[in-house]
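Descriptive structure summary
Single-letter residue listing:
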Amino acid sequence: MGAEIPMEKDYDDIPGTYVFDTKRCKDGFHLNKFCKTLDDAANRALFKADPSAYLDQFPMTTEQRAMIEQRDWLGMLQVGGNIYYTFKLAIFDGLTMQHVGGLMSDMTVDDFRAMMLDGGRKLEGNQSKKQNQERKPEQSEIHNPSER
Amino acid sequence: MAKIVAGVGCSHIPSIGAAADKGMEQDPYYKPLFDGYAPAREWIKKVAPDVVILIYNDHASAFSVELINTFVLGVGDRYKPHDEGYGPRQVPDAIGHADLSAHILESLILDEFDMALANEMTVDHGLTVPLTVMFDKPDAWPCKIIPLCVNVIKYPQPTGNRCFNLGKALRKAVESYPEDLRVAVFGTGGMGHQLQGERAGLLNQEFDQHFLDHLKDAPEELTKLSHVDYMRDAGSEGIELIMWLMMRGALKAPSEAYRFYHVPMSNTAAGLVCYEETE
């Protein structure tokens, strides 16, 4: 059998989604590894005491380090971070997954919570970049829940 | 001989464990969920498994980016809860059944499913939350636990079909073990959800209901779902449902004893199915 690996990734058509594939996993290695060390209470204390010195241990790119320092949760994913790793930093900051979900999708945490209680973000308009372009080229890919 | 007597499909959302640990089951947000779990808890008491094979994924806890395995079977005697950033959950250690898991490991590899093995590993909410869902808060879990980890974080995850077939091989392994044991298989994770990106919070109840409606009698249809089908339609983290297919593969002719579905729990749709093996 043997599945063919297309050069153009089918999942790149999914809006607002950063699939943690082999390339992202390689690119984000040190960023994710930093996040992973926060599983250890002693490391959390060290990071808290001197964030900059702590981050120096990890040979990330300047951009990756900036994403961490700015707590740019979406940016971290774009430079190879994986949500299960970056969420360890969010836990360190005292944030919940609703906070991070809101920050990644440009919503307040209250709006994000309300959206979840209302049944979550809808699939319609969020399924395919291509479809969205064909339908409404002038609109952004991601539906703003307040428009619903 | 050992026998697979039941299967459970169960979401493993961390906030369920946190709510139970803080005694918040009667909080209005959590009450419908824990009320929905009550019949399953009664049911599992009657099923009374000696061993649970618990299929779950590690969330960058025991394993990290240095080495990523597709399938890992725990063959140890004891598994301690992992510190996921809040300190380890104060739940009992999972006590393994080393002899049965060694038998399963060898049987699976000889059956051409090349498992990695863990003699020692911590276990995170992926394993401990389903135990809380089904067994509440005992001083010790009422059965031995064999962890089976599936990579669902790093693309490409194993296909749903591969997981389904691994479930079948798991059944063969269990049925060739000489001791009389009642074994239940838990497939965990899901249901639909997306934690990451601008699309965070995506839920697709239609997808989830279709999955629940077909898992018992038409799992082969679900095994045809591709990676992009799951990621696009159920959310990028919805692909965890391949672990429910592994559980289903381990059952021959299940009857559905209970089903429960609740939206939302945190950023996720919480699902639960309880199957009894009729053969």
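Everything below is about the structure printed above this text.
Below is a summary of the structure that appears in this document.

Here is what the cut-offs are and how they apply
Residues numbered from 1 in each chain as written. Chains lettered and ligands numbered in written order. Predicted model: local features only at pLDDT ≥ 70, side-chain atom pairs only at ≥ 80, totals over all residues. Helix = DSSP H or I, 4+ residues; strand = E, 2+ residues; numbered from the N terminus. Rg over C-alpha atoms; globule rule 2.2 N^0.38 Å. Contact = placed C-beta atoms within 7 Å. Core = buried A, V, L, I, M, F, W, Y, C linked by C-beta atoms within 7 Å. Buried ≥ 20, exposed ≤ 12 C-beta atoms within 10 Å, placed from the backbone. Axes fitted to C-alpha atoms, helices over the stretch in contact; angles between N-to-C directions. Parallel < 35°, antiparallel > 145°, perpendicular 65-115°, else oblique. Left-handed = near helix turned anticlockwise from the far one by under 90°. Nonpolar A, V, L, I, M, F, W, Y, C, P; charged D, E, K, R; others polar.

1. Quick notes on the overall build of chain B
- The secondary structure content of chain B amounts to nine helices and ten strands.
- For 279 residues, the compact-globule estimate of 2.2 N^0.38 gives 19 Å, and chain B sits close to it at 17 Å.
- Structurally, chain B occupies a C-alpha span of about 45 × 40 × 40 Å along its principal axes.
- Within chain B, counting contacts between residues at least 6 apart in sequence, those at least 24 apart form 83% of the total.

2. Things to note about the nonpolar core
- Membership of the largest hydrophobic core comes to 119 residues, with the highest contact counts inside it found for I53(B), L54(B), I55(B), V185(B), M243(B) and M246(B).
- When residues of this core are assigned to their parent elements, the largest contribution, seven residues, is made by helix α5 (residues 160–175) of chain B.

3. Considering the packing of helix α1 (residues 14–21) of chain B against helix α4 (residues 125–135) of chain B
All names here are of chain B.
- Where α1 meets α4, the closest approach of the two axes is 9 Å, and the angle between their N-to-C directions is 55 degrees. Regarding the angle of α1 to α4, the classification is oblique. For α1 against α4, the interelement crossing comes out left-handed. Two secondary-structure elements touch here, α1 through P14, I16, G17 and A20 and α4 through H125, T128, V129, T132 and V133.
- Taken together, the residues of the contact of α1 with α4 break down into five nonpolar, four polar and no charged.

4. Topic: unusual backbone geometry
All names here are of chain B.
- Cis peptide bonds are those with omega within 30 degrees of zero, and the linkage from Y155 to P156 qualifies with -5 degrees.
- Relative to the assigned elements, P156 resides in the loop between β7 (144–150) and α5.
- The peptide bond linking G190 to M191 adopts the cis configuration, its omega dihedral lying at 0 degrees.
- With respect to the element layout, M191 can be found in the loop between β8 (182–188) and α6 (205–215).
- Here the phi dihedral of A60 falls at roughly 55 degrees; this positive angle occurs in a residue that is not glycine.
- Along the chain, the position of A60 falls in the loop between β2 (51–56) and β3 (71–74).
- Of note in this structure, E112 is not a glycine but carries a positive phi near 75 degrees.
- With respect to the helices and strands, the residue E112 is situated in the loop between α3 (98–110) and β6 (116–118).

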